[in-house]
Amino acid sequence: RTAAELRRDADAAAERAKWDAAIVLRFRAVARGLQERGIVDPPPGATARSFARDTARALPALSPAVDEAAGFFDDVRYLTRPGTAERHHAIAALDEAAVSARPSTPDARGARR
């Protein structure tokens with residue numbers, strides 16, 4: 001599915017208060033959206049945590065939010081902890097920020113700006 005399709009499905013799940021599904025789908029929308037834009041290229045089977053590390057390298061400003069979102073994803077997907085509206089809203093806010101985020105560019109020394 002495309003990022004747009006995943007967002008639509010996440011929104012539909014949220015409207016039904018299906019927070020676990022909404023969180024999983026919206027996190028996947030973040031990942032797919034950044035992949036579609038060529039910002040990250042996670043290998044098949046990449047974990048949420050490895051995606052968060054790759055995203056933090058490419059988009060340092062999103063580092064805290066994407067790390068937190070990866071934890072929320074793991075909580076509902078693997079640890080069977082219930083999702084919440086607040087956690088879904090946090091991932092939706094990350095997704096909105098990621099849509100407009102631009103990767104930092106290395107300077108002459110190779111450091112990211």
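These remarks concern the structure in this document. (Residues numbered from 1 in each chain as written. Predicted model: local features only at pLDDT ≥ 70, side-chain atom pairs only at ≥ 80, totals over all residues. Heavy atoms only, no water.)

Points about helix H2 (residues 19-36)
Here H2 contains 18 residues, and its C-alpha end-to-end distance of 25 Å stays within 8% of the 26 Å for a straight helix at 1.5 Å per residue. Within H2, the full set of buried residues consists of Ala22, Ile23, Val24, Leu25, Arg26, Phe27, Ala29, Val30, Ala31, Gly33 and Leu34. (Helix = DSSP H or I, 4+ residues; strand = E, 2+ residues; numbered from the N terminus. Expected span 1.5 Å × (residues − 1). Buried < 20%, exposed > 50% of the residue type's maximum accessible area, 1.4 Å probe, protein only.)

Notes on the pattern of salt bridges
One pass over the full model with this rule turns up ten salt bridges. With its nearest N and O atoms 3.4 Å apart, the salt bridge here joins aspartate 67 to arginine 49. Taken together, the positions of aspartate 67 in helix H4 (residues 63-77) and arginine 49 in helix H3 (residues 48-58) put the pair 18 residues apart, joining distant regions of the chain. Salt-bridge contacts for arginine 81 lead to aspartate 75; the nearest nitrogen and oxygen are separated by 2.9 Å. The class for arginine 81 is partly exposed, based on a relative accessible area of 44%. Judged by relative accessible area, which is 11%, aspartate 75 ranks as buried. Salt bridges sharing partners connect three or more residues here, namely Arg7, Asp11, Arg26 and Asp95. (Salt bridge = Lys/Arg side-chain N within 4 Å of Asp/Glu carboxyl O.)

Re the environment of alanine 92
Inspection of the secondary structure assignment puts alanine 92 in helix H5 (residues 85-100). By relative accessible area, alanine 92 is classed as buried at 10%. Along the chain, alanine 92 and alanine 56 lie 36 residues apart, while their C-alpha atoms are 17 Å from each other.

Digging into the environment of aspartate 11
In this fold, aspartate 11 is placed in helix H1 (residues 3-15). Residue class for aspartate 11 comes out partly exposed when judged on its relative accessible area of 34%.

Things to note about unusual backbone geometry
For alanine 17, which is not glycine, the phi dihedral falls at a positive 60 degrees. The topology assignment puts alanine 17 in the loop between H1 and H2. A positive phi angle, near 50 degrees, is found at threonine 80, a position not held by glycine. Of note, threonine 80 is situated in the loop between H4 and H5. Judged by relative accessible area, threonine 80 falls into the exposed class, the value being 69%.

Keep in mind these numbers describe shape, not what the thing actually does.
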